[in-house]
Amino acid sequence: MQVFITGGSGYIGRSTIEALTRHGIEVTALARSEHSARTVSDLGATPVTGTLIDTDVLREAAGRADAVIHLGVDYAEGTADVDRAAAEALQDGAGSRPYVHTGGVWVYGDTDGIVDEEAPLDPPRITAWRTENEKRVLARAVTGGRPVVVMPGLVHGRSGGLVQSFFVEPGRTAGAVPCIGDGSNHWALVHVDDIAELFVLALNAPAGSVYAGVGGQNLPLADITRALSHAAGCPGRIESLTLEQALQRMGPIAEAFALDQQLTAARAHRELGWTPTCLDALADLAQG
């Protein structure tokens, strides 16, 4: 089997390439630069030169593969339009073969206790664009396509990701890790290696499926930031920010970090046999 992947040189993409190759799957990966090409090559993938706006490249590469995983996102002006056009090209190329699209649980907004994939959508500004794009992706299921949407929680592990960029590194510089509000809100966490495994399993999911990729550890932000303070080298030192202060410092993503979210991945466990292995997120976060 051969899978074409976008975003392969990124944080989740690197772990996903490793997971695919562990399963004996050959990987071709979109590479927008020489550095990206070296990264995916070192992981065992064959680079395909191009970017997310090169729809002809995407369509052709998807057409040559047995399945597609779309992880790449262009966080620039026109993100929604770029993602929509890329997804359409990839699905055109994939035809009736598996196509796995990346979403995110932030689109559910604040949850009332623990919820699953059927919860109502109430996305913060930074991810509001995803909802319409994902509807269009899933609509291909009724016309012969095999779309699946995987919605990761807040990804951690391997000293990377948003947690590292917005909490550990600023905490290391300032001598205290930021915490938005009183820290009573929950984050639905997942380890990067666990979510990578879910992307691989999703290649065999029924068309039109949606999976919340969360590790089952819905932890209060207060506990998370205390753990992150150890990773940042300032144990126990927390800087409390109002949402307004966090917005000024972090930008619109602060609204997403302030969400109170608890989710279950029971559907992925039941239908795909997904079994996360990182069972102590706080210990992993504290180690950085």
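Residues numbered from 1 in each chain as written. Predicted model: local features only at pLDDT ≥ 70, side-chain atom pairs only at ≥ 80, totals over all residues. Heavy atoms only, no water.

## Topic: helix 4 (residues 79–94)
And step 1. The end-to-end C-alpha distance of helix 4 is 22 Å, a good match for the 22 Å that 16 residues give at a rise of 1.5 Å each.
And step 2. Where helix 4 is concerned, the buried positions are T79, V82, D83, A86, A87, A89, L90, Q91, G93 and A94.
And step 3. Buried positions along helix 4 lie against strand 1 (2–6), helix 3 (55–64), strand 4 (67–70), strand 5 (98–102), helix 5 (129–139) and strand 7 (146–152).
And step 4. At the exit of helix 4 stands G95, carrying a positive phi of roughly 60°. (Helix = DSSP H or I, 4+ residues; strand = E, 2+ residues; numbered from the N terminus. Expected span 1.5 Å × (residues − 1). Buried < 20%, exposed > 50% of the residue type's maximum accessible area, 1.4 Å probe, protein only. Contact = heavy atoms within 4.5 Å.)

## Let's talk about the sheet that holds strand 11 (residues 209–213)
And step 1. Strands sit in the order 3-2-1-4-5-7-11 across an open sheet of 7 strands; the sheet is parallel. One side of each edge strand has no neighbouring strand; the edge strands of this open sheet are strand 3 (46–49) and strand 11. Between one strand axis and the next, the sheet turns through 20° on average, direction left out of account.
And step 2. Relative to strand 7, strand 5 is paired through 5 bridges, and the arrangement is parallel. What sits directly across from T102, in strand 7, is V150. (Pairing = 2+ DSSP bridges. Axes fitted to C-alpha atoms, helices over the stretch in contact; angles between N-to-C directions.)

## Observations regarding the packing of aromatic side chains
And step 1. If you walk through the whole model with that rule in mind, you get 5 aromatic pairs.
And step 2. Ring geometry for F167 versus W187: centroids 5.3 Å apart, planes at 75°, classification edge-to-face. Highlighted residues: F167 in helix 6 (residues 161–174) and W187 in strand 10 (residues 186–191), separated in sequence by 20 residues.
And step 3. Accessibility expressed as a relative area gives 3% for W187, which makes it buried. (Phe/Tyr/Trp six-rings, centres within 6.5 Å; stacked < 30°, edge-to-face > 60°.)

## Topic: the environment of L43
And step 1. Tracing the chain through its elements places L43 in the loop between helix 2 (34–42) and strand 3.
And step 2. With 106 residues separating them along the chain, L43 and V149 place their C-alpha atoms 24 Å apart.

## Some points on the side chain of T6
And step 1. Following the sequence through the fold, T6 ends up in strand 1.
And step 2. Residue classification places T6 among the buried positions, given a relative accessible area of 0%.
And step 3. At 2.9 Å, the side chain of T6 and the backbone nitrogen of G72 are in polar contact.
And step 4. Look past the residues within four positions of T6 in its chain and what remains in contact with it is L30, L52, L58, I69, H70, L71, G72 and L90. (Polar contact = N/O pair within 3.5 Å; in protein donor to acceptor, adjacent residues only side chain to side chain.)

## Brief notes about the sheet that holds strand 8 (residues 154–156)
One key point about sheets: their strands pair by backbone hydrogen bonds, in either a parallel or an antiparallel sense.
And step 1. Taken together, 3 strands build an open sheet; the order of strands is 8-10-12 and the sheet is mixed. Both outer strands of the open sheet, strand 8 and strand 12 (217–220), are each paired with one neighbouring strand and no more. Mean inter-strand twist for the sheet, computed between neighbouring axes without regard to direction, equals 45°.
And step 2. Across the sheet, helix 8 (residues 221–231) touches strand 10 and strand 12, and the angle it forms with strand 12 is around 85°.

## Remarks on the pattern of salt bridges
And step 1. Within this structure, the stated rule accounts for 13 salt bridges.
And step 2. Put simply, R59 and D56 hold a salt bridge, and the shortest N to O gap is 3.0 Å. Linking R59 with D56, this pair stays in helix 3, spanning 3 residues, or about one helical turn.
And step 3. We classify R59 as partly exposed; its relative accessible area is 32%.
And step 4. For D81, the salt bridge identified is with R84, shortest N-O distance 2.4 Å. (Salt bridge = Lys/Arg side-chain N within 4 Å of Asp/Glu carboxyl O.)

## Remarks on the state of the cysteines
And step 1. Going through the model one piece at a time under the given rule, you end up with 0 disulfides.
And step 2. C179 takes part in no disulfide bond, and the closest cysteine sulfur, belonging to C234, lies 13 Å away.
And step 3. Classification of C179 as buried rests on a relative accessible area of 5%. (Disulfide = S-S within 2.5 Å.)

## Side note on unusual backbone geometry
And step 1. The backbone phi angle of R158 is positive, close to 55°, even though this residue is not glycine.
And step 2. A positive phi angle, near 55°, is found at S159, a position not held by glycine.
And step 3. Relative to the helices and strands, S159 is located in the loop between strand 8 and helix 6.
And step 4. Since its relative accessible area comes to 42%, S159 is described here as partly exposed.

## Examining helix 3
And step 1. Listed as buried for helix 3 are L58, A61 and A62. End-on, the buried residues of helix 3 take up no more than an arc of 100°, which puts them together on one face.
And step 2. Summarising the contacts, the buried residues of helix 3 are in contact with strand 1, strand 2 (26–31), strand 3, strand 4 and helix 4. (Arc of directions from axis to C-beta.)

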